[in-house]
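Reading the structure
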Amino acid sequence: MDFPPKWISWIKGCLVSGMGSVLLNGSPTKEFSYKRGLRQGDPLSSFLFIIAMEFVTLFINMLSHLGLFKGCQLPNGGPNITHLCYADDVVFIGLWSEDNIIALNRLLRWLNLVSGLKINRRKRKIYGIGVAPDEVERLAIKVNCEAGTLPFSYLGIPIGVNMKRASFWKPVLDRFSSMLSKWKAKHLSFAGRLTLVKSVLGSLPSYFLSLFAAPKCVIKRLEKIRREFLWGKLNNRNKLRWFRWDFILKDKKAGGMGVVGIQSFNYAMLTKWWWRAKQNPNQLWAKVVDAIHGGNLNLNSNNIIPFKKTITGVWKDIGSVEAALSNLGIFIKDHLVVDGDRWKWISDPNGSFSVCQVRRDIDKLSNEENNENLVFEWNNWAPPKANYLLWRAMLGKISTKVGLVRRGVPLGDSLCPRCGIKDEDSDHLFVSCLWAWCVWWNILAWLWIRFINCNNLKYFIALIMQNPGDKAWKKIVYTVWRLWKARKEKVFEDNFIPINKTVDLIKEEAFLWICNRSKLKKPSWGKWLDFDIVDQM
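Below: a short report on this structure. (Residues numbered from 1 in each chain as written. Predicted model: local features only at pLDDT ≥ 70, side-chain atom pairs only at ≥ 80, totals over all residues. Heavy atoms only, no water.)

1. Looking at the overall build of the protein chain
Along the protein chain, the regular secondary structure elements total 23 helices and 16 strands. Here the protein chain has a C-alpha radius of gyration of 32 Å; the compact-globule value for 537 residues is 24 Å, and the former is much larger. For the protein chain, the C-alpha atoms occupy an extent of roughly 95 × 70 × 55 Å along the three principal directions. When burial is assessed residue by residue, the protein chain has 42% of its 537 residues classed as buried. A total of about 30,600 Å² of accessible surface is found on the protein chain, and carbon and sulfur atoms cover 54% of it. Here the protein chain carries 78 positive and 45 negative side-chain charges, and the mean point of each set is 3 Å from the other. (Helix = DSSP H or I, 4+ residues; strand = E, 2+ residues; numbered from the N terminus. Rg over C-alpha atoms; globule rule 2.2 N^0.38 Å. Buried < 20%, exposed > 50% of the residue type's maximum accessible area, 1.4 Å probe, protein only. Areas by Shrake-Rupley, 256 points an atom, 1.4 Å probe, with all protein chains shown as cover. Lys, Arg positive; Asp, Glu negative; His and termini not counted. Charge placed at Lys NZ, Arg CZ, Asp CG, Glu CD.)

Here it is, written out as structure tokens:
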């Protein structure tokens, strides 16, 4: 491979210098040299293994060139496929014949003699496509391996199955259910459950959703699992659900919680293959698709991707996304355009392609507009639970007495537990109650902001943010979390927290958030109490 001698000497030094010992009854034995080269867990081992596996490609290409192994020749001038390698997993592809299989068996033996890599025969299987099971079994015995049957799994993806059938999505559903189990919901806050609901979509099913169009019933089942986990259950009964699920799925910029919808995520992941096909037409997979579907993936081609509906398989799911997006008003031919020498999604702000932008375009057209007209600026200083509380409070979707009565929860009265004068709704709890009014007066005076008399929390926050001054420091007004905790102390513990103590707790909490969560320069505690932040500006 033309590696320089000096580099080869470095690698040889790594292979012969490994020493180790064994703990025997808690005491290390005398060190000995490793007979297999590198130390256990050495990160260099994976790179050397890839280089060693390159011999597989060299050998199989030589056999194919000499006519000793016949691969699968694709139509329309496509490539000749003989094998696919991924780390230590190799799939050999060729015409079904006894000579082909014997040649392949000898190849593996040569590989063992040259490199020392030995094939695990218990893991080696032979599959016949359109071949009688008896014939597969006969040749499997001849080359001393197992006879495999379809379907089988390769790199985590089922091969030879119809993914339109919901039964083959059971592994994804099971993993979803295990990650979002009911016992976890009992021990996590709403913000914690929301974070897990978001992360589980990006890790578990994205592999499947990037290749297959999920059936509607599977989408509904996955969304149901997420929905039930987010809202949780108490004594086998559903807790109160304060928002419609489609509202929670909306992007944060649209006033939602930013939970990604599985359907739009599936469409966006499949659409990415359209962009990949045009951006990288010379990759092996693109040449295979082009040959099978008889298209033209040249950069200047008028066709977006080659696609024949009569040919079943993964590419049919990818091609069918065009019709699904057209029903939503998104036409791929208009959105996927070429600029100079690269393809881009026309609405992507970076001038390229991103799954996130496609998903946003889908959500914008498929979901109804935000009737709440809320533009909420999330505070990265505060923990998620505080942000979500304020977001829900500005929408009036928290468990105040008025909110509970509206949802059929029987209460003795709906009066404010602190002032006892007016009904307790979100605006009264956080703004118009005399107790809250006094807390805000002290906090705004501390921040050198003129007090604003307003009985609506949403407009109250908006007016504060519009006041002159650095917008970053005015995010401290987002500490309604402490007002909510004081309210719960009064309702559930009958403990009335004085106004001055609540103000002090807000200052302390904001100081900790800025010191531990923000990127601004940390102020001293003394200057913070006086709000002397000139050095931090």
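Moving on from the model shown.
2. Focus on helix α16 (residues 384-394)
In terms of residue burial, α16 counts as a mostly covered element, since nine of its eleven residues are buried. Buried within α16 we find Ala386, Asn387, Tyr388, Leu389, Leu390, Trp391, Arg392, Ala393 and Met394. A positive phi of about 70° marks Gly396, the residue just after α16.

3. Some words on the packing of helix α3 (residues 98-115) against helix α4 (residues 133-142)
For the pair α3 and α4, the least separation of the axes is 11 Å and the interaxial angle reads 30°. Taken together, the axes of α3 and α4 lie roughly parallel to each other. For α3 against α4, the interelement crossing comes out right-handed. Along the contact surface, α3 presents Glu98, Ile101 and Ile102, while α4 presents Arg138, Leu139 and Lys142. Its residues placed into classes, the contact of α3 with α4 shows three nonpolar, no polar and three charged. (Axes fitted to C-alpha atoms, helices over the stretch in contact; angles between N-to-C directions. Parallel < 35°, antiparallel > 145°, perpendicular 65-115°, else oblique. Left-handed = near helix turned anticlockwise from the far one by under 90°. Contact = heavy atoms within 4.5 Å. Nonpolar A, V, L, I, M, F, W, Y, C, P; charged D, E, K, R; others polar.)

4. Focus on the packing of aromatic side chains
Tallied over the entire structure, the rule returns 25 aromatic pairs. An angle of 50° between the planes, with centres 6.1 Å apart, marks the rings of Phe511 and Trp528 as tilted. On the criterion of sequence distance, the pair formed by Phe511 in helix α22 (residues 499-517) and Trp528 in helix α23 (residues 525-529) is long-range, its members being 17 residues apart. Residue class for Phe511 comes out buried when judged on its relative accessible area of 15%. The exposure class of Trp528 is buried, given its relative accessible area of 0%. Of the aromatic side chains, those joined through ring pairs into one cluster are Trp446, Phe511, Trp525, Trp528 and Phe531. Note that Arg276 overlies the ring of Trp273, its terminal NZ or CZ placed 4.6 Å from the centroid. Across from the ring centre of Tyr459, 5.6 Å away, lies the NZ or CZ of Lys458, which sits over that ring. (Phe/Tyr/Trp six-rings, centres within 6.5 Å; stacked < 30°, edge-to-face > 60°. Lys NZ or Arg CZ within 6 Å of the ring centre and 35° of its normal.)

5. Points about the nonpolar core
Ranked by size, the top nonpolar core spans 70 residues in total, and within it Trp169, Phe243, Ile248, Met257, Trp274 and Leu336 carry the most contacts. Of the residues forming this core, the biggest block, ten residues, is contributed by helix α11 (residues 262-279). When residues no more than four places from it in sequence are discounted, the contact partners of Trp169 are Met163, Phe208, Leu209, Phe212, Ala213, Ala214, Pro215 and Val218. In terms of nonpolar packing, the next biggest core, distinct from the first, is built from 47 residues, Trp435, Ile464, Val480 and Ala486 among them. (Core = buried A, V, L, I, M, F, W, Y, C linked by side-chain atoms within 4.5 Å.)

6. Observations regarding the pairing of strand β8 (residues 89-92)
Taken together, the four bridges between strand β7 (residues 83-86) and β8 define a ladder with antiparallel strand orientation. Within β8, the position partnered with Tyr86 by the bridge is Asp89. Counted along the chain from β7 to the antiparallel partner β8, the turn is two residues long, and its residue Ala87 has a positive phi close to 55°. (Pairing = 2+ DSSP bridges.)

7. Here's the deal with the environment of Leu328
By the element assignment, Leu328 lies in the loop between α13 (314-327) and α14 (332-335). Given a relative accessible area of 29%, Leu328 falls into the partly exposed group. For Leu328, the residues in contact, after removing those within four places along its chain, are Tyr267, Ile362, Leu365 and Ser366.

8. As for the environment of Asn282
Its location among the elements puts Asn282 in the loop between α11 and α12 (284-293). A sequence separation of 23 residues divides Asn282 from Val259, and the C-alpha atoms of the two residues are 36 Å apart.

9. A few points about the pattern of salt bridges
A side chain with one charge may pair with a side chain of the opposite charge, provided their charged atoms come close. Inspection of every chain in the model, using the stated rule, returns 13 salt bridges. For Arg244, the salt bridge identified is with Asp246, shortest N-O distance 3.3 Å. On the basis of relative accessible area, Arg244 is assigned to the partly exposed category, the value being 47%. Where Glu509 meets Arg482, a salt bridge forms, and the shortest distance between an N and an O atom there is 3.2 Å. Of this pair, Glu509 sits in helix α22 while Arg482 is found in helix α21 (residues 480-493), placing the two residues 27 residues apart along the sequence. Residue classification places Glu509 among the buried positions, given a relative accessible area of 14%. Via salt bridges that share partners, Glu98, Glu135, Arg138 and Lys142 belong to a single interconnected network. (Salt bridge = Lys/Arg side-chain N within 4 Å of Asp/Glu carboxyl O.)

10. Examining the side chain of Ser210
With respect to the secondary-structure elements, Ser210 resides in the loop between α8 (206-209) and α9 (216-231). Judged by its relative accessible area of 11%, Ser210 falls in the buried class. At 2.8 Å, the side chain of Ser210 and the backbone oxygen of Tyr207 are in polar contact. (Polar contact = N/O pair within 3.5 Å; in protein donor to acceptor, adjacent residues only side chain to side chain.)

11. Some thoughts on the environment of Ile119
Note that Ile119 resides in the loop between α3 and β9 (125-126). Using a relative accessible area of 33% as the deciding quantity, one classes Ile119 as partly exposed. The spacing of Ile119 and Arg109 is ten residues in sequence and 8.5 Å in space, taken between C-alpha atoms. Setting aside chain neighbours within four positions, we find Ile119 in contact with Leu108 and Arg124.

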